[in-house]
Each structure stands twice: as C-alpha cells, then as structure tokens.
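Chain by chain, the residues run as shown.
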Amino acid sequence: MLALGLELRSRGHDVIFATPEYYQNKIEQLGFAFHTIRPNLPEDPATISRIIDLKKGTEVVLKEVILSAIRDTYQDLLAVAQDADFMVAHEIIFAAPIVAEVLNMRWASCTLVPAAFFSAYDPSVIAAYPGLAKLRRLGPSVNRLVINLADIATRSWGKPLYELRKQLELPPMRNSILGHSKYSPYLVLALFSSVFGKPQPDWPSNSITTGFTFYDGEQERILSSELETFLEAGEPPIVFTLGSAVVGAPGDFYGQSVQAATGLGRRAVLLIGKNAPPEELPQNMFACEYAPYSQLFPRACAVVHQGGIGTTAQALRAGCPTLVVPHLVDQPDNAARLERLGTSRTLARRDYLAPRVEKELAQLLDEPSYQQKANEVGLVIGAESGTKSACDVIEQQLEKALLARPG
C-alpha cells in the first residue's frame, strides 16, 4: 500500500491512509495524511500465539479480531472516505464495501495472495485442513465441493457484518469470507505476479494481476554498518526471519535455527524483532531486530521464513532459494506455490527441530536446481512493474468516478 501511495502521490494525487494505529509512524514519516481505523492489531504474545495456530488461527483473526469490530471499522472508514474521490481497500477491510455502497462511491479492492480467490481451478491449501490439498489433482468439480463446505463452515463468522448491513438497509450478503461479494464491482487488484498465481476462470471477472508491489523507501534501503561488515567478512549466509507478525511469538525458532546452521557449518543472519538474541551466539552468526529484505536477501544463500507474502515476494525477486515454515492463514498455500515453482522446500512448524532443519537446508543448498529456478523466477519478477501497473488501472477507475460525479 505504501508503494501504491508513493506512486500515486508522484502522479499528483492526494493520498490518505486509513489503517490501524500500529502503522501510524511509518505512514506519517513519509508525509502522508493518516487516520486511524479500528481494531488495532494485537501485539501481546498470547493473542499472537492464538492467531498463528494452524487449526484455529484464521477463525480467531477474522471472527474475533476483525469482524467483531466491524461497526467500529465502518464508522472510522466512513468518516475518512466521505470526502474522497476514490478508495482502494484490502479485502480484509470488510467495512469497505459497505462504506462504498452507502456513499455510492467507485472503488477498488485488492488482495495480496492467490489463495484469497478460493479457486476451484487452482485450489488453495487451507491452513486448518492441509490434507485437502491432495484433492487438487481431481479437478475443479471435486475442489468446488470443498469450497462449498468451507462456505458453510465460515458463513456464521460474518454475523456482525450481516447485522450491520441489515441496519443500514443494504442488500444481504451470502458470505463475507468466501465468494466475490466482498470485492469491488469496479476493479479487483491482484497485487502479485502471474508467475506466483495465474488468473483463473472463477476469479472475479474484473480482476487485474499487476505483479508484486515493492516498497523500497530510502529509510528501508540501508543496511546497518555492523551487518554490512558481517556480510563482507565471509560467504553468503542463511537468513532466518519470521516476518512482522509471527516474530511476536517465535517459540524456539531461533534457537533451533542456530543449531541447524552450526551443524551445516554455515554463516547465518537472524532477524529477531524485539526478541532477545539466542544465548552464546557463534561468531559466524549475526542477530538484529530488522534489516531491509531488498538489500539483505540478494546477499544470502538461502532464506528460512514463515511464508508471509511480503517475505515471499522479496525472496522471489532476490532469486533466493527458501525453506518455508508456514504458521497461519495464507502461508501454507504460499509455501505450496513456491514448491511448485521449484524454488523452495517446506517444513511443518511442529517439525522445526535442528536435525530436520539441517537436513532440509542441506538438500536446498546442495541441489543446483533450486538456485537455478530461483534465478529464473527472480529475473521475471524483477522485470515486472507491479506498482505502475496497479496505479495505471486505479487512475482509469478514478477518471470514470470523476466523470460520473454530478455537475
């Protein structure tokens, strides 16, 4: 979203961000107007641990965190959007379609991952039931039955949203989680590469696959002098990271990672967030809170990560082989897509123990095909212009919105 905002601002548009308070400093540092919308993101380890539970995590984050606060989100977003010409909203902002309907506003919805479309032609790996992925080879008819079952199982999660729509005298919605009713009737931005997820016949007909949008602002492009010195002192390291959410409840991920890297005799960089670094960290390893992926990943021999789409995109662009340890929601599906691309291996979180990690990394690093395929995919994604493509179609819709304005 920051990438889109910066590009649109460079084209002369006034851009306002409406997000949870968690992002306020980053947004205001870039000079954008900021408005808070509820709910704020949970930061306590206990809640994060519930969110990253593979069986129940999706239900917790959608039902208990987001949809339970739908009235607050609606009120906050309505106050911001009522003076706007156009709105771009992530699919998880379930209040956005309601605001657009109430204001009779032209808008675009966006999604970051192919899994969000729940395609029967390109079925997703469902975090709570990964075994259903074996049905993929049976074709769209069988996989459509699985989607229908998921529809039945999740329909009740949206009760607060259905009640709000009824109060506002808006048409009823069948399911707020699955289906196309949560997407804009004007434009759906699939903000990922077609290498990662090809358009399917049952995607919304107004979907545009733009390519990944990368934010590489100046303050995000500088490695610390200490990390730079470490990187220059030896061979490319293995990078271990849990992204921006899972890192809040890492368990023994970093301890097991250190043991695995030690067993392989490899250098390592650990991005640990606000966690304490592992005790007695070997001299050939470096731990820090954060480092810009765009600068670090191209200098790594492999990246071990949780499968979040931002980390996934950066690793793909860097041409870096990966070992993915999925934790929640879309991450198991992202991991499966990387495996099918031939750039990655997958290890279940419960199996993330040093001997197994060491074995998986040895296969990843010793088999040349992983690096070869990563290089090929990296060249394709590096040549894409996802941000520009997305902003081009946003401007087309904005122009239609302005032409349709009364007077």
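Everything numeric in this text was worked out from a predicted model, so none of it was measured.

Draft legend 1. Seen up close, a nonpolar patch on the surface. Among the surface-exposed residues, Tyr22, Tyr23 and Leu41 lie close enough to one another that they form a single nonpolar patch of about 270 Å² accessible area. Mapped onto the elements, Leu41 comes out in the loop between β2 (33-36) and α3 (45-51). What makes Leu41 partly exposed here is its relative accessible area of 32%.

Draft legend 2. Just the domain arrangement of the protein, in detail. Domain parsing of the protein yields domain 1 (1-212 + 385-404) and domain 2 (225-383). Approximately 2000 Å² of surface area, both sides summed, lies buried where domain 1 meets domain 2, with 68% of it carried by carbon and sulfur atoms. Counting the surface domain 1 buries against domain 2, the share from its top three residues, Ile52, Val195 and Phe196, is 32%. A salt bridge links Asp122 to Arg340, with the nearest nitrogen and oxygen atoms 3.9 Å apart. The tally of links from domain 1 across to domain 2 stands at three residue pairs in polar contact (both at pLDDT 80 or more). Secondary-structure elements contributing two or more residues to the side of domain 1 that touches domain 2 are α3 and α4 (57-66). In terms of residues, the side of domain 1 that touches domain 2 owes the most to one element, α3, which gives four residues. Looking at side-chain class alone, the side of domain 1 that touches domain 2 contains 17 nonpolar, six polar and three charged residues.

Draft legend 3. Examining unusual backbone geometry more closely. Here Arg38 and Pro39 are connected by a cis peptide whose omega angle stands at 5°. Within the secondary structure, Pro39 is located in the loop between β2 and α3. Positive phi, close to 50°, is recorded for Phe118, a residue that is not glycine. With respect to the secondary-structure elements, Phe118 resides in the loop between β4 (107-111) and α7 (140-154). Overall, Phe118 belongs to the partly exposed group, its relative accessible area being 26%.

Draft legend 4. The pattern of salt bridges, seen in detail. Inspection of every chain in the model, using the stated rule, returns 23 salt bridges. With its nearest N and O atoms 2.9 Å apart, the salt bridge here joins Glu7 to Arg11. Between Arg299 and Glu228 there is a salt bridge; the shortest N-O distance is 2.8 Å. Remark: Glu228 occurs in helix α9 (residues 225-232) and Arg299 occurs in the loop between α11 (293-296) and β10 (302-305); sequence separation between them is 71 residues. Given a relative accessible area of 30%, Arg299 falls into the partly exposed group.

Rules behind the numbers
Residues numbered from 1 in each chain as written. Predicted model: local features only at pLDDT ≥ 70, side-chain atom pairs only at ≥ 80, totals over all residues. Heavy atoms only, no water. Patch = residues over 30% accessible without salt bridge, like charges linked within 9 Å, V, L, I, M, F, W, Y side chains within 5 Å. Areas by Shrake-Rupley, 256 points an atom, 1.4 Å probe, with all protein chains shown as cover. Salt bridge = Lys/Arg side-chain N within 4 Å of Asp/Glu carboxyl O. Helix = DSSP H or I, 4+ residues; strand = E, 2+ residues; numbered from the N terminus. Buried < 20%, exposed > 50% of the residue type's maximum accessible area, 1.4 Å probe, protein only. Domains from an automatic or database assignment. Buried area = accessible area lost by both parts, 1.4 Å probe. Polar contact = N/O pair within 3.5 Å; in protein donor to acceptor, adjacent residues only side chain to side chain. Nonpolar A, V, L, I, M, F, W, Y, C, P; charged D, E, K, R; others polar.

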